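Each chain, written out:
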Amino acid sequence: REAAGDVQERSARFLRWLAHRPEGTVGIVSHGVWTELCLLRFCPGALDHGRRRVNNCDVFRARCVSTWEQRADAAGGPDGGMALVTVQLEDATLI
């Protein structure tokens, strides 16, 4: 069984990947435990800071917000010379 910290790190890698995507809206289907641990790390208020659980078939809506800064080398590349600084989930709500 995967440790909770490993799942949270996997969710962080996923959100960093997502921040690089050009789509404005995406749908994500996952296991409840992954969703719960991701929300607890990136938007804990959505789960009342751990007092609420994610149940099977729960559907959440959230905004993935990222912060970027100009890279010192400004060489361009796939991200146009920008480096990802932070990624966060905001306004996560059960719908």
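Parameters and conventions
Residues numbered from 1 in each chain as written. Predicted model: local features only at pLDDT ≥ 70, side-chain atom pairs only at ≥ 80, totals over all residues. Heavy atoms only, no water. Phe/Tyr/Trp six-rings, centres within 6.5 Å; stacked < 30°, edge-to-face > 60°. Helix = DSSP H or I, 4+ residues; strand = E, 2+ residues; numbered from the N terminus. Expected span 1.5 Å × (residues − 1). Buried < 20%, exposed > 50% of the residue type's maximum accessible area, 1.4 Å probe, protein only. Arc of directions from axis to C-beta. Contact = heavy atoms within 4.5 Å. Salt bridge = Lys/Arg side-chain N within 4 Å of Asp/Glu carboxyl O.

Draft legend 1. The packing of aromatic side chains, seen in detail. Tallied over the full model, the rule gives 2 aromatic pairs. Note on Phe14 and Trp34: the rings are 5.6 Å apart at their centroids and 80 degrees apart in plane angle, and the pair reads as edge-to-face. Of this pair, Phe14 sits in helix H1 (residues 4–19) while Trp34 sits in helix H2 (residues 32–42), and the two are 20 residues apart along the sequence. Put simply, the rings of Phe14, Trp17 and Trp34 touch in pairs and so form one group of aromatic residues.

Draft legend 2. H1, seen in detail. Helix length check: H1, at 16 residues, gives a terminal C-alpha distance of 23 Å against a target of 22 Å (1.5 Å per residue), a fit within 8%. Taken together, the buried positions of H1 are occupied by Val7, Ser11, Ala12, Leu15, Leu18 and Ala19. Across the axial projection of H1, the buried residues extend over an arc of 145 degrees, all falling on one side. Lining the buried residues of H1 we find H2, strand E1 (60–70) and strand E2 (82–94).

Draft legend 3. View of the pattern of salt bridges. Inspection of every chain in the model, using the stated rule, returns 9 salt bridges. A salt bridge links Asp48 to Arg51; its shortest N-O distance comes to 3.1 Å. For Asp48, a relative accessible area of 38% translates into the label partly exposed. Measuring nitrogen to oxygen at the nearest pair gives 3.4 Å for the salt bridge that ties Arg52 to Asp58.

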